[in-house]
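Residues per chain are reported as follows:
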Amino acid sequence: MALIRTNPWSLLDEFNREFSRMRPGFADDESRVVGSNWAPAVDIKEEQDRFVIHADIPGVSPEDIDISMEKGVLTIKGERKHEAEENKEGFHRIERSFGTFMRRFSLPENVDADKISASSKDGVVELVLPKAAHDNQPKKISVNNG
Amino acid sequence: MTSLRQNIDRAWAQVQAGWNNLVSNASNALTRFIHKDEENRSGIRELVRSTPEWGLLSAEVHESGDTVTVRLEVPGMEADKFDIEVDERILTVSGHKRVSHEHREGRYHITECAYGEFERRLPLPAEVDSKHASASYKRGILTLTLPKSEREKVRRIPVGNA
């Protein structure tokens with residue numbers, strides 16, 4: 001049986017990229033970075049005092065996931081390794097992607113980088129990013145009588 | 001105005017090209033997620049409605065001497081909520097992926113993860129003994145170990161020189 005390597009992820013990425021381009025607003029331009037093998041799907045939610053991100057990252061152990069925040073840009077990256085050393089001859093179907101993954105988001109509001117927390121369950125990583133406190137309230141400037 | 005139209009045309013052509021590419025190359029892994037209205041928690045229903053109706057359940061099928069191993073990426077499930085069937089040489093994995101996190105007021109900027117009812121069928125390279133099949137779920141990967149049927153094993157015994 002001939003083995004054809006398909007890579008649905010990269011195609012989906014392409015498709016997604018086209019859509020992101022048509023849907024401006026949330027800064028997603030540098031989300032997928034050239035050089036990584038695949039990119040996880042995410043849900044990004046903004047609540048009043050925090051952002052909550054869910055990323056589908058199946059088959060990656062938590063120690064292989066690296067999350068960082070720099071200059072308002074959140075980076076989620078890491079590497080997926082294969083579960084088992086199997087004889088390469090025996091594969092009839094390979095749709096999965098392995099190797100490095102990366103996604104980047106510039107968040108529309110300041111986040112308190114020290115208070116970001118992450119947890120992982122059943123291949124879904126949950127990130128909670130509290131907004132920086134001082135940016136929550138609009139600044140009120142009173143006009144003094146001269 | 002003309003340039004706007006050109007941009008829209010170009011964007012649309014790209015979407016179509018991307019879509020055709022996706023369908024022709026990835027239609028196997030592309031799986032329909034049916035949105036059910038049974039999610040009654042307010043907010044969650046709105047979220048599910050806004051999520052894609054198609055998601056990728058990437059699979060891998062490996063055959064060794066007496067076993068067929070299938071791995072399927074289905075993040076965010078509960079281990080006991082999978083429905084797994086083997087009929088002849090077709091494996092069917094179905095389930096309902098629900099939103100597990102609590103709901104709080106907010107606005108979704110990006111919704112790419114798929115939720116709902118799904119079903120993935122995979123042809124198996126050999127007849128398997130479904131009674132002795134085992135399944136495990138770890139870090140979002142469903143792994144099925146399917147021993148080949150006795151008939152299949154007999155069929156494959158190599159004939160050695162006397």
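Residues numbered from 1 in each chain as written. Chains lettered and ligands numbered in written order. Predicted model: local features only at pLDDT ≥ 70, side-chain atom pairs only at ≥ 80, totals over all residues. Heavy atoms only, no water.

The backbone phi angle of Asp122(A) is positive, close to 50°, even though this residue is not glycine. Tracing the sequence through the fold places Asp122(A) in the loop between strand E7 (117-121) and strand E8 (124-130). A positive phi angle is found at Arg139(B), which is not glycine, with a value near 50°. Mapping Arg139(B) onto the fold places it in the loop between strand E9 (134-138) and strand E10 (141-147). A relative accessible area of 33% places Arg139(B) in the partly exposed class. (Helix = DSSP H or I, 4+ residues; strand = E, 2+ residues; numbered from the N terminus. Buried < 20%, exposed > 50% of the residue type's maximum accessible area, 1.4 Å probe, protein only.)

Residues and elements named next belong to chain B. Pairing is antiparallel across the open sheet formed by three strands, whose spatial order is E5-E6-E8. Single-partner strands in this sheet number two, and they are strand E5 (83-87) and strand E8 (116-123). Between one strand axis and the next, the sheet turns by 15° as a mean value, whatever way the strands run. Relative to E8, strand E6 (residues 90-97) runs antiparallel, the two sharing eight bridges. Paired with Thr92 across the strands is Arg121, a residue of E8. (Pairing = 2+ DSSP bridges. Axes fitted to C-alpha atoms, helices over the stretch in contact; angles between N-to-C directions.)

Residues and elements named next belong to chain B. Examined bridge by bridge, E9 and E10 share five bridges and lie antiparallel to one another. Directly across from Ser136, in E10, lies its bridge partner Thr143. The antiparallel hairpin formed by E9 and E10 contains two residues in its connecting segment, where Arg139 sits at a positive phi of about 50°.

This part takes up the interface of chain B and chain A. With 48 residues of chain B at the interface, the matching set in chain A holds 54 residues. Summed over both partners, the interface of chain B with chain A comes to about 4400 Å²; 56% of that surface belongs to carbon and sulfur atoms. On the chain B side of the contact with chain A, His109(B), Ile110(B) and Arg139(B) bury the most area, a combined 16% of that side's loss. Along the contact surface separating chain B from chain A lie nine salt bridges. Here chain B and chain A share 25 residue pairs in polar contact (both at pLDDT 80 or more) between them. Listing elements by their share of the side of chain B that touches chain A, those giving two or more residues are helix H1 (2-26), strand E3 (59-63), strand E4 (67-73), strand E7 (107-111) and E8 of chain B. With nine residues, the top contributor of residues to the side of chain B that touches chain A is H1(B). Taken together, the residues of the side of chain B that touches chain A sort by class into 21 nonpolar, 15 polar and 12 charged. Inspection of the sheet shows strand E1 (residues 42-46) of chain A paired to E7(B) by four bridges, in the antiparallel sense. Residue pairing for E7(B): Ile44(A) is matched across the bridge by Ile110(B). (Contact = heavy atoms within 4.5 Å. Buried area = accessible area lost by both parts, 1.4 Å probe. Salt bridge = Lys/Arg side-chain N within 4 Å of Asp/Glu carboxyl O. Polar contact = N/O pair within 3.5 Å; in protein donor to acceptor, adjacent residues only side chain to side chain. Nonpolar A, V, L, I, M, F, W, Y, C, P; charged D, E, K, R; others polar.)

Looking now at the pattern of salt bridges. If you walk through the whole model with that rule in mind, you get 23 salt bridges over all chains. Ionic pairing is found between Arg120(B) and Glu95(A), a salt bridge with its closest N-O pair at 2.9 Å. Taken together, the residues Arg120(B) in strand E8 and Glu95(A) in the loop between strand E5 (91-94) and strand E6 (99-106) connect one chain to another. Look at Arg120(B) and you get buried, because its relative accessible area is 4%. It is possible to trace a salt-bridge network through shared partners that takes in Arg80(A), Glu83(A), Arg96(A), Glu60(B), Arg71(B) and Glu73(B).

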